[in-house]
Amino acid sequence: MTDHMPDDLSAAGRDLRAYTDELRPRHPVVRNSMGEWVLLRHEDVLAAALDHQRFSSQVSRFLQVPNGLDGEEHTRFREVIERHLSHDALEPFIPAFKRVASQLVAALPRGVVLDAVNDIGAVFAVRAQCAWLGWPAELEPRLLAWMKENHAATRSGDSAWTADVAEQFDEIIRSVIQPRREAGDDAPDDLTTKLCRETVNGRQLTEAELVSILRNWTGGDLGSIALCVGVLLAHIAGQPDLAEKIRTAPDSEAEAIIDEVLRLDDPFVSNRRVTTCPVHIGGRDIPSGARVKLNWTSANRDEAVFDNNRFDPQGNAGNNLVYGAGKHVCPGRLLATWELRIALQTLLASVRTIELVSDQPPEREVAPVGGYHRVPVVLT
Ligand code: HEM
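The protein chain goes by Cytochrome P450 in an unreviewed UniProt entry, where it is assigned to Marinobacter aromaticivorans.

Here is the structure:
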């Protein structure tokens, strides 16, 4: 499981967003089918995310760098990661992201039905990540096939299948790490090589740590970006005014609009914690050692904080939890934001309209995944 594995309340097959909207006012904390405590209110989700003492991130028996770490150990690894996700580190990749977006958009057929999630979002996400990490284009079909299977395994709830798919991904990552480690000074000058040369506590990162870091950067994030593109296009299609605004607004304004659309329909559903002592939250007493879920999707629609359906990019920005909060707040936020903005701006600059298809409405994902499974659109 990566940190970005989508999560849920029950696998009952309902639109998770509608379900948590219904539950939240009367049941701020619910138990899911796995016995986990799910926090649904903004106030409680934020409190748990900021309380690193009582809500530990050590939720898995597998190594998860940095998301499964607490305290100083987390800080040490987080510093390594942040170096590669800062504004200065990412800026040189903007031309590559624009190139990836332009090539993809130019090749998309006009006047036929496309799926915004798989035909646009997933392909853009994989190509942008490969460009960023210095991974060969030949990996693209393998990564796309992996995303599909990972998704299917997650939806199935079959843990053996999920573990097998996770192992396949680690195999892909090892295939890019090993040659770089063996090549020493002759390794290609790219981000993956830079990461292989990073040190913590005066020693190089182990292969297991590198695999875990790269798994976190790619495995789940590819899926998150694809889902975000689906949500964004489903929202923008048929709203020419909003499309025009995103196309012409300054970058910061376009990014605020994107964040606000994702707040209302956050496809990155939840993250886990484990309590280190008995905790009283949302009117419930949770015992020590209990598994807790911070449901960002529900928190982001809490009517106590947001005038729920009012679209207010500036006004709601401060409370938006799409990228989390506290020490584990998403270090990839800037990268994700730039990728999403560039993908949208490029698409909007080259098409006249993006329209939904009347007899093929967008298909919602079912729990445990958020956003949409498929968003049929026609570009003209
Ligand atoms: C597409 C949009 C994305 C969304 C909505 C998203 C959301 C989040 C959220 C909510 C967290 C907090 C997890 C927690 O509190 O347990 C998180 C953590 C994290 N994200 Fe993202 N993320 C996205 C893209 C990315 C990208 C592109 C990267 C890197 C390439 C990335 C890397 C990480 C890492 C490494 C963590 C763990 C941080 C830590 O534990 O200190 N994310 N993300």
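Helices and strands together make up the secondary structure of the protein chain, namely 15 helices and 14 strands. The principal-axis extent of the C-alpha atoms belonging to the protein chain is close to 55 × 55 × 40 Å. Burial analysis of the protein chain (380 residues in total) assigns 55% to the buried set. Considering only intrachain contacts with a sequence separation of at least 6, the fraction spanning at least 24 residues in the protein chain is 70%. About 16,200 Å² of surface is accessible on the protein chain, with carbon and sulfur atoms providing 51% of the total. Side-chain charges of the protein chain comprise 41 positive and 55 negative groups, with the mean position of each set lying 2 Å from the other.

Take the environment of F169 next. If you trace the backbone, F169 turns up in helix α8 (residues 159–183). Placed 22 residues apart in sequence, F169 and M147 show a C-alpha to C-alpha distance of 9.4 Å.

Under the defined criterion, the tally for this structure stands at five cavities of 30 Å³ or more. Here the second largest cavity is characterised by a volume of approximately 90 Å³. Forming the boundary of the second largest cavity are A101, L104, V105, I120, F124, V229, L233, A343, L344 and L347. Breaking the lining of the second largest cavity down by element, the ones donating at least two residues are α5 (94–107), α6 (116–133), α10 (207–236) and α15 (333–350). By residue class, the composition of the lining of the second largest cavity is 10 nonpolar, no polar and no charged.

The full count for this structure, using the stated rule, is 25 salt bridges. Between E140 and R127 there is a salt bridge; the shortest N-O distance is 3.1 Å. One end of the pair, E140, is in helix α7 (residues 139–156); the other, R127, is in helix α6, with 13 residues separating them in the sequence. Overall, E140 belongs to the buried group, its relative accessible area being 18%. Relative accessible area serves as the criterion here: at 29%, R127 is assigned to the partly exposed category. It is possible to trace a salt-bridge network through shared partners that takes in D21, R24, R301 and E303.

How each quantity is defined
- Residues numbered from 1 in each chain as written.
- Predicted model: local features only at pLDDT ≥ 70, side-chain atom pairs only at ≥ 80, totals over all residues.
- Heavy atoms only, no water.
- Helix = DSSP H or I, 4+ residues; strand = E, 2+ residues; numbered from the N terminus.
- Buried < 20%, exposed > 50% of the residue type's maximum accessible area, 1.4 Å probe, protein only.
- Contact = heavy atoms within 4.5 Å.
- Areas by Shrake-Rupley, 256 points an atom, 1.4 Å probe, with all protein chains shown as cover.
- Lys, Arg positive; Asp, Glu negative; His and termini not counted.
- Charge placed at Lys NZ, Arg CZ, Asp CG, Glu CD.
- 1 Å grid on protein atoms, 1.4 Å probe; cavity = no way out; pocket = protein on both sides within 12 Å on 5 of 7 lines; lining within 4 Å.
- Points joined across faces, edges and corners; volume = space filled by probe spheres on them.
- Nonpolar A, V, L, I, M, F, W, Y, C, P; charged D, E, K, R; others polar.
- Salt bridge = Lys/Arg side-chain N within 4 Å of Asp/Glu carboxyl O.

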